Amino acid sequence: MEPRGLPWLQGLDKPSRLLLHALASGSRGTLAALRMLQRVQPGEGPGPVFPWQTFTTALCAEEPVLEEGALAVKPRLLLLPVVCQRNLLSLLLVVRALVPGGCLDRLLQALEQDSHVDPWVRALGDLLRQGARGEECCPPPGPLSSTCQQQLRCLGQRIAQSNPEGRRKLNWCFSKQPSAAGDGADSVLHGGKHKEVSEESLELDEEREGKRMLLEEVVFGPPGMQEVGDVAGMEVEMPEEPSGDGSAQSPDGAAPESSQQEAARKISQAEPAVDVQSFLQLHGPRLKMLLQKESNHPDFSIPPELHVLNNCSPAQLEGLCSFLQLSTCPEHLVVRFCSWLVVLSPELSYTSAATLAQQLFLRRVLSLTQPPSRHLMAALTSFCSKYSQPFCRVLVAAVLQEPGEGAEQTKLVCELVEECLEPDCVRLVLSQVLEVPLSEKLLPIVQAVLGRQEVLPPELFDLLVLTLCRQAPALSTSLSYAKLVMAMLTMYHSQVTPSHRSSLAAALDRSNAALRKSLQAVLEGGR
């Protein structure tokens, strides 16, 4: 989803738009953007192929903006959502060696034009400036002694033994053998083939577990994202590490690294079909039989077989959904399946819940031409009661991006907002709406959000007011728009500041005469 639906985004080249799309995807946007850069040309660095100069020029160009009732100009970089700015600077910290220095300087200068910049963004900018001044001001730490390395390995192995699922994150404890102090550089320069063989042996030993975990990370990005991001950053910075005698650029030294990257790419591209097939043969028939079993009473217990959902990879889960025909099966079976999911313990991961939301509901919701059946509404309500966050990320985002009127889809989202979603998800829906161009189709959804009268964070409320001001000319004759502004002014009068009122008054000058008089009366009455 593109940040705020800013109109100038349409003028950017496709790679730049894709990068901003990834950066605006939330707290995991940095890793999503890094993967996007890696996919531009697999096996090569992003620098030569991504248009950094064009991207920087576009973000540094100034754009008019309404600020406290006055027209001002700001670099486009400062108009991006804060999370997008944070993710962009975090990405630059990882790939700064591949970004032209002039681009970094221009972006940092653009940030300096805002005296109220986000503290996190300011801190990231300071780190980038330190890197731009040269490594000599912050020399890299010396290598750990063999004693420290051994202690770290022992600690990592003890952690892995008590928590087998964490073994993958501590692979370095098992893949590297302790070496005498001072021979680290030699092991890279002269022991390349030996290292490659040992790593390939390790990959064979952990092939099944590694493939499952890596696939889950590549497709959906799991909660353990920080460790993966750290590894990605290390891979980018490895060529800059000191080599002792300057010969680390030799083909022998580079061979292990390229072999590792190639193996990781092959693993992350697709899980072998044989693994998915064996998984389906083991679990599919029993689950299908239980799902289709006739029953005259509600299901209050969960089949033990359903616990497999907590241990399967995304590819296996998608294969299982296809085997069970969840996207096309009768809707009363969807209700039964969702009733199982609600009582499933432990809860599904975000990744698995998002996959199931897509498989269970996406096709059904987008194809609605009449009000949903009671079975579909029951399934939606049941799923939202426990997995509302992934539901909103998958279903609501798809409805907002769907072209056309989508009247039934809009009504469905409004009903879910009014009756099902928790306050944090109501705010999430509003933020999703404000990230796309506001149209007549989306006004009822915003109206439903305001009708809940949930407390809105100041930055989200400011964004709502700014969006309504920007869209005033396009919706100048819309009765729904006028009702929405009226609802906001009355239901959230305590959050409406004089600056908000002056901005709205200026934006409403070009509205329909009758609507303008009514709205201006409310604006003047609140002063």
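Residues numbered from 1 in each chain as written. Predicted model: local features only at pLDDT ≥ 70, side-chain atom pairs only at ≥ 80, totals over all residues. Heavy atoms only, no water.

Colleague: Looking at this model, I keep getting lost on the overall build of the protein. Mind explaining?
Modeller: In terms of helices and strands, the protein carries 26 helices and two strands. In the protein, buried positions account for 45% of the 527 residues. Taking contacts inside the protein between residues at least 6 apart in sequence as the whole, the part at least 24 apart equals 74%. Surface exposure of the protein reaches about 27000 Å², of which carbon and sulfur atoms provide 55%. (Helix = DSSP H or I, 4+ residues; strand = E, 2+ residues; numbered from the N terminus. Buried < 20%, exposed > 50% of the residue type's maximum accessible area, 1.4 Å probe, protein only. Contact = heavy atoms within 4.5 Å. Areas by Shrake-Rupley, 256 points an atom, 1.4 Å probe, with all protein chains shown as cover.)

Colleague: Can you walk me through the nonpolar core in this structure?
Modeller: Generally speaking, nonpolar side chains in soluble globular proteins are found buried as a group. If you look at the biggest cluster of nonpolar residues, it comprises 95 residues, and the most contacted ones within it are F337, L341, L356, L360, F361 and F383. By residue number, the principal contributor to this core is helix α19 (residues 374-401), which donates 15 residues. Summarising the domain contributions, this core has at least three residues from each of domain 2 (260-454) and domain 3 (461-526). Excluding its chain neighbours within four sequence positions, the residues that come into contact with F361 are V334, C338, L356, L376, A379, L380, F383, F391 and L395. (Core = buried A, V, L, I, M, F, W, Y, C linked by side-chain atoms within 4.5 Å. Domains from an automatic or database assignment.)

Colleague: Explain empty space enclosed by the protein here, please?
Modeller: Which parts of space are left empty comes out when a probe the size of a water molecule is rolled across the atoms. On inspection of all chains with the given rule, the structure shows one cavity of 30 Å³ or more. Computed from the structure, the largest cavity encloses a volume of approximately 30 Å³. Taken together, V365, F391, L395, V396, V399, L412, V413 and L416 make up the full set of residues lining the largest cavity. Ranked by residue count, the leading element in the lining of the largest cavity is α19, at four residues. The residue inventory of the lining of the largest cavity, partitioned by class, reads eight nonpolar, no polar and no charged. (1 Å grid on protein atoms, 1.4 Å probe; cavity = no way out; pocket = protein on both sides within 12 Å on 5 of 7 lines; lining within 4 Å. Points joined across faces, edges and corners; volume = space filled by probe spheres on them. Nonpolar A, V, L, I, M, F, W, Y, C, P; charged D, E, K, R; others polar.)

Colleague: Explanation requested: the pairing of strand β1 (residues 62-67) in the structure shown.
Modeller: Looking along a regular strand, one sees the side chains alternate between the two faces of the sheet. Summarising the sheet, β1 and strand β2 (residues 70-75) pair through six bridges and their orientation is antiparallel. In the sheet register, L66 faces β2, and the bridge partner there is L71. Hairpin geometry of β1 and β2 is characterised by an intervening segment of two residues between the two adjacent antiparallel strands and by a positive phi of about 55° at E68. (Pairing = 2+ DSSP bridges.)

Colleague: Teacher, can you tell me more about the pattern of salt bridges here?
Modeller: If the charged atoms of two oppositely charged side chains come close together, the side chains can form a pair. According to the stated counting rule, one finds six salt bridges in the structure shown. For R76, the salt bridge is made with E63, and the minimal N-O distance between the two is 3.1 Å. Taken together, the positions of R76 in helix α4 (residues 76-79) and E63 in strand β1 put the pair 13 residues apart, joining distant regions of the chain. Notably, a salt bridge pairs E305 with R286, separated by 2.9 Å at the nearest N-O pair. Here R286 lies in helix α15 (residues 273-292) and E305 lies in the loop between α15 and α16 (314-324), a separation of 19 residues in the sequence. Under the relative-accessibility criterion, R286 is labelled partly exposed at 38%. (Salt bridge = Lys/Arg side-chain N within 4 Å of Asp/Glu carboxyl O.)

Colleague: Is there a simple way to explain helix α18 (residues 350-366) in this structure?
Modeller: Because each turn of an α-helix spans 3.6 residues, side chains separated by three or four positions in sequence point in the same direction. If you look at α18, its biggest bend is around 35°, right at L360. The buried fraction of α18 is high, at 13 of 17 residues. (Bend = angle between axes of the 7 residues up to and from the residue.)

Colleague: What's the story with the side chain of R76 in this structure? I'm lost.
Modeller: By relative accessible area, which is 17% here, R76 ends up buried. R76 has contacts with W8, A58, L59, A61 and E63, leaving out every residue within four places of it along the chain.

Colleague: Can you help me understand the packing of helix α17 (residues 331-343) against α19 in this one?
Modeller: When two helices pack together, you describe them by how their axes are tilted relative to each other and by the distance separating the axes. Contact geometry of α17 with α19 gives a least axis separation of 8 Å together with a crossing angle of 15°. By the angle between their directions, the pair α17 and α19 is classed as roughly parallel. As α17 runs across α19, the sense of the crossing is left-handed. Where α17 approaches α19, its residues E331, H332, V334, V335, C338, S339, L341, V342 and V343 are matched on the opposing element by H375, L376, A378, A379, S382, F383, S385, K386 and Y387. Residue classes in the contact of α17 with α19 are distributed as eleven nonpolar, five polar and two charged. (Axes fitted to C-alpha atoms, helices over the stretch in contact; angles between N-to-C directions. Parallel < 35°, antiparallel > 145°, perpendicular 65-115°, else oblique. Left-handed = near helix turned anticlockwise from the far one by under 90°.)

Colleague: Help me understand the state of the cysteines in this model?
Modeller: Covalently bonding the sulfur atom of one cysteine to the sulfur atom of another cysteine gives a disulfide. For the structure shown, the criterion picks out zero disulfides. Of all cysteine sulfurs in the structure, the one in C425 sits closest to C392, which takes part in no disulfide; the separation is 4.5 Å. Here C392 falls in the buried class, since its relative accessible area comes to 0%. (Disulfide = S-S within 2.5 Å.)

Colleague: Just to check I follow, could you spell out the environment of V446 for this structure?
Modeller: Within the secondary structure, V446 sits in helix α22 (residues 443-452). When its relative accessible area of 1% is taken as the criterion, V446 is described as buried. A C-alpha to C-alpha distance of 9.6 Å links V446 and V417, two positions 29 residues apart in sequence. Once residues lying within four places of it in the same chain are set aside, the contact partners of V446 are L430, V433, L438, L464 and L484.

Colleague: Whenever I open this one, the environment of W52 confuses me. Can you help?
Modeller: With respect to the secondary-structure elements, W52 resides in helix α3 (residues 52-60). Distance in space between the C-alpha atoms of W52 and L104 is 9.6 Å, their sequence separation being 52 residues.

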